[in-house]
Amino acid sequence: MEKKNQKKRKERKKIVELYKGKYFEVVFQDWRQQFPGACIISGHKERLSDMTSDEWKELGVLEKELERVCIKLFNTTMFNFACFMNNAYKDNVTPHVHFWFVPRYKEKIKLFDKTYEDRHFGYNFWKWGNSRLKNQKDIFTQEEREKIFKMMKKELNENNLK
């Protein structure tokens, strides 16, 4: 049974891992795309203050490349970039530095014959995320989220990340 679970985890990782660098990996949010192109950039340090200058440099290069990809593919207007570590303490697990990369859209976009609207553009995305009535809806199917992932994976230029 454990081997079967390991295989599933390995297959899932292939679906969600956009990039793996020296210090960080970029994980596509395949469970939900409330904001097309949303990712998590995950590192292995417990605190921001533990990060080295090389790690900060890699993070900056990753963020810049993700912005380029989202602007090209989705005509993204701006980006929210946030570090939240509260759940690690709430869930009593070892914390690790990770950042939310959240593309935001002033104008409606067409994707897979659907019209996507960032209902709360210009406001803190987290504020509305906890409201069942006002939160941003994910209009994409799992298959469409996988297509978004493949589009981003194809466009991501690893030469820009060195």
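Residues numbered from 1 in each chain as written. Predicted model: local features only at pLDDT ≥ 70, side-chain atom pairs only at ≥ 80, totals over all residues. Heavy atoms only, no water.

Novice: I'd like a rundown of the packing of helix α2 (residues 53-74) against helix α5 (residues 142-155), residues and numbers included.
Specialist: α5 packs onto α2 with a crossing angle of 120° between their chain directions and a minimal axis gap of 10 Å. By the angle between their axes, α2 is oblique relative to α5. The crossing of α2 and α5 is right-handed. Where α2 approaches α5, its residues E65, L66, R68, V69, C70, K72, L73 and F74 are matched on the opposing element by I148, M151, M152 and E155. Across the contact of α2 with α5, the residue classes break down as 8 nonpolar, no polar and 4 charged. (Axes fitted to C-alpha atoms, helices over the stretch in contact; angles between N-to-C directions. Helix = DSSP H or I, 4+ residues; strand = E, 2+ residues; numbered from the N terminus. Parallel < 35°, antiparallel > 145°, perpendicular 65-115°, else oblique. Left-handed = near helix turned anticlockwise from the far one by under 90°. Contact = heavy atoms within 4.5 Å. Nonpolar A, V, L, I, M, F, W, Y, C, P; charged D, E, K, R; others polar.)

Novice: Can you explain the confidence of the model for the protein chain? Please cite residues and give values.
Specialist: When pLDDT is averaged across the protein chain, the result is 80; 75% of the residues are at 70 or more. Within the protein chain, the lowest mean pLDDT, 52, falls on helix α1 (residues 2-16), and the highest, 94, falls on α2. Note that residues 5-12 has pLDDT below 50 and, in this model, 3 contacts with residues that lie over four places away or in other chains. (pLDDT = per-residue confidence, 0-100.)

Novice: Tell me about the environment of N160, and please be specific about residues and values.
Specialist: Inspection of the secondary structure puts N160 in the segment after α5. It is 8.6 Å that separates the C-alpha atoms of N160 and L62, two residues lying 98 residues apart in sequence. For N160, the contacting residues outside a window of four places in its chain are V61, E65 and R68.

Novice: Tell me what's going on with the pairing of strand β5 (residues 98-104), and back it up with residues and numbers.
Specialist: Counting buried residues in β5 gives 7 out of 7 residues, a clear majority hidden from the surface. Burial along β5 is two-sided: H98, W100, V102 and R104 facing one way and F99, F101 and P103 facing the other are all buried. One ladder, built from 4 bridges, connects strand β3 (residues 39-42) with β5; its direction is antiparallel. Residue pairing across strands places I40 opposite W100, the latter belonging to β5. Bridge count between strand β4 (residues 78-83) and β5: 6 bridges; the pairing is antiparallel. When the sheet's bridge partners are listed, F81 is paired in β5 with F101. (Buried < 20%, exposed > 50% of the residue type's maximum accessible area, 1.4 Å probe, protein only. Pairing = 2+ DSSP bridges.)

Novice: Quick rundown of empty space enclosed by the protein? Include the residues and the values.
Specialist: Enumeration according to the criterion identifies 1 cavity of 30 Å³ or more in this entry. Considering only enclosed or pocket space, the largest cavity measures out at about 30 Å³ in volume. Lining the largest cavity are Y23, F24, G43, H44, K45, M51, E55 and V97. Its residues placed into classes, the lining of the largest cavity shows 4 nonpolar, 2 polar and 2 charged. (1 Å grid on protein atoms, 1.4 Å probe; cavity = no way out; pocket = protein on both sides within 12 Å on 5 of 7 lines; lining within 4 Å. Points joined across faces, edges and corners; volume = space filled by probe spheres on them.)

Novice: Give a description of the pattern of salt bridges that names residues and reports values.
Specialist: Side-chain pairs of opposite charge can arise where the charged atoms are in close proximity. Overall, the coordinates contain 8 salt bridges when judged by the stated rule. As a salt-bridge pair, R68 and E155 come within 2.7 Å of each other at their nearest N and O atoms. Of this pair, R68 sits in helix α2 while E155 sits in helix α5, and the two are 87 residues apart along the sequence. In this structure R68 comes out as partly exposed when scored by relative accessible area, which is 29%. Across the pair D118 and R104 runs a salt bridge whose closest N-O atoms are separated by 2.7 Å. Of this pair, D118 sits in the loop between β7 (114-116) and α4 (125-129) while R104 sits in strand β5, and the two are 14 residues apart along the sequence. Assessed through its relative accessible area of 5%, D118 is described here as buried. Residue R104 is classed as buried on the basis of its relative accessible area, which comes to 1%. One continuous salt-bridge network, built from bridges that share partners, spans E65, R68, K72 and E155. (Salt bridge = Lys/Arg side-chain N within 4 Å of Asp/Glu carboxyl O.)

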